[in-house]
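As a plain string of letters, each chain reads:
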Amino acid sequence: MVDVMNTFVAIILSVVALTPIFLLVVLLNKIKTPSGTDPAVIKKLEDMDNTIATDTNNALDQVSAKLEDFETRIADLEEKRTNVKGFKK
């Protein structure tokens, strides 16, 4: 039973000791990495975003126009629908 308790306490102490060290290493690595705030890169990303948004809007407009055309065709076909006459039972 003492061995189990010693093992449990050792695990807890190692977690308590290793967690701050690990977090310190992570924080130090984040501080050392250069920030990507180059204005040219930001401008390029904004231009790409605008291009994607414009292309998406154009595609959605085309799809909307095709759907409206399809709906008008269906409405025309429904107006032309007639019952077939002349069959005998």
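Quick look at the structure, then. (Residues numbered from 1 in each chain as written. Predicted model: local features only at pLDDT ≥ 70, side-chain atom pairs only at ≥ 80, totals over all residues. Heavy atoms only, no water.)

Next up on the list: the pattern of salt bridges. By the definition in use, this model includes two salt bridges. With a shortest N-O distance of 3.4 Å, K43 and D47 are connected by a salt bridge. With K43 and D47 both in helix α2 (residues 39-80) and four residues apart, this pair spans about one turn of that helix. A relative accessible area of 47% means that K43 is categorised as partly exposed. Taking relative accessible area as the criterion, D47 reaches 34% and is therefore assigned partly exposed. In this structure, R73 engages D69 in a salt bridge whose closest nitrogen and oxygen atoms are separated by 3.2 Å. (Salt bridge = Lys/Arg side-chain N within 4 Å of Asp/Glu carboxyl O. Helix = DSSP H or I, 4+ residues; strand = E, 2+ residues; numbered from the N terminus. Buried < 20%, exposed > 50% of the residue type's maximum accessible area, 1.4 Å probe, protein only.)

It is worth spelling out a nonpolar patch on the surface at this point. There is a patch of nonpolar side chains on the surface, built from F8, V9, I12, L13 and V16 and spanning about 470 Å² of accessible area. Residue position: I12 is located in helix α1 (residues 2-32). Since its relative accessible area comes to 39%, I12 is described here as partly exposed. (Patch = residues over 30% accessible without salt bridge, like charges linked within 9 Å, V, L, I, M, F, W, Y side chains within 5 Å. Areas by Shrake-Rupley, 256 points an atom, 1.4 Å probe, with all protein chains shown as cover.)

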